[in-house]
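Listed below, chain by chain, are the residues.
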Amino acid sequence: DTIVAVEDILSAICVAEEQDCLPLFGSHIPTILLTRLRNLGYNNIIIWLDPDKRKESFKFNMQARTFGFNSRVILTDKDPKDYTKEQIINELK
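Residues numbered from 1 in each chain as written. Predicted model: local features only at pLDDT ≥ 70, side-chain atom pairs only at ≥ 80, totals over all residues. Heavy atoms only, no water.

I tried to follow helix H1 (residues 9–16) on my own but got confused; where do I start?
For an α-helix the count is 3.6 residues per turn, leaving residues at separations of three or four pointing the same way. Those residues of H1 that fall on the buried side of the exposure criterion are Ser-11, Ala-12 and Val-15. Buried residues in H1, looked at end-on, bunch into an arc of 100 degrees, giving them a common side. Residue Asp-8 occupies the N-cap position of H1, its side-chain oxygen lying 3.1 Å from the main-chain nitrogen of Leu-10. (Buried < 20%, exposed > 50% of the residue type's maximum accessible area, 1.4 Å probe, protein only. Helix = DSSP H or I, 4+ residues; strand = E, 2+ residues; numbered from the N terminus. Arc of directions from axis to C-beta. Polar contact = N/O pair within 3.5 Å; in protein donor to acceptor, adjacent residues only side chain to side chain.)

Written out as structure tokens, the structure is:
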């Protein structure tokens, strides 16, 4: 019941080995997407955007909470795709 939102397809491929993942193809989460995720049964969203999008990460976190999701932000110094499998697992915990 948890999904991770990332910016790009390469990050999504890396993270999806460990957790359901959604590439945003940018740094915007449309409200219709949040509604669809809710209808698909997701209750938790982890937002892991690139380091230059920290401000947007917190905006999306608040937006997801208004839709009733349990959400949190992962802040790292590199893009998700730049981490090893073990590092990704540790960040998702």
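Having put the structure on the table, let's press on.
Which parts of the structure should I look at to understand the state of the cysteines?
Working definition of a disulfide: a covalent bond connecting the sulfur atoms of two cysteines. Counted according to the given criterion, the structure contains zero disulfides. Residue Cys-14 stays outside any disulfide, its sulfur separated by 9.2 Å from that of Cys-21, the closest cysteine. A relative accessible area of 17% means that Cys-21 is categorised as buried. (Disulfide = S-S within 2.5 Å.)

Just checking my understanding: could you explain the sheet that holds strand S2 (residues 21–23) for this structure?
Remark on secondary structure: sheet strands pair via backbone hydrogen bonds, oriented parallel or antiparallel. The four strands are arranged S2-S1-S3-S4 in an open sheet whose pairing can be described as parallel. Where the open sheet ends on each side, the last strands, each with one partner, are S2 and strand S4 (70–73). The mean angle between the axes of side-by-side strands here comes to 20 degrees, regardless of whether they run parallel or antiparallel. As paired strands, strand S3 (residues 44–47) and S4 are joined by four bridges and run parallel to one another. Counted as the bridge partner of Ile-46 is Arg-72 from S4. Contacts between H1 and the sheet are confined to strand S1 (2–6) and S2, with S2 contributing the most and set at about 175 degrees to the helix. (Pairing = 2+ DSSP bridges. Axes fitted to C-alpha atoms, helices over the stretch in contact; angles between N-to-C directions. Contact = heavy atoms within 4.5 Å.)

Explanation requested: a nonpolar patch on the surface in the structure shown.
Together, Ile-9, Leu-10, Ile-13 and Phe-25 make up a nonpolar patch on the protein surface, roughly 430 Å² of accessible area in all. Examined against the element boundaries, Ile-13 turns out to sit in helix H1. (Patch = residues over 30% accessible without salt bridge, like charges linked within 9 Å, V, L, I, M, F, W, Y side chains within 5 Å. Areas by Shrake-Rupley, 256 points an atom, 1.4 Å probe, with all protein chains shown as cover. Salt bridge = Lys/Arg side-chain N within 4 Å of Asp/Glu carboxyl O.)

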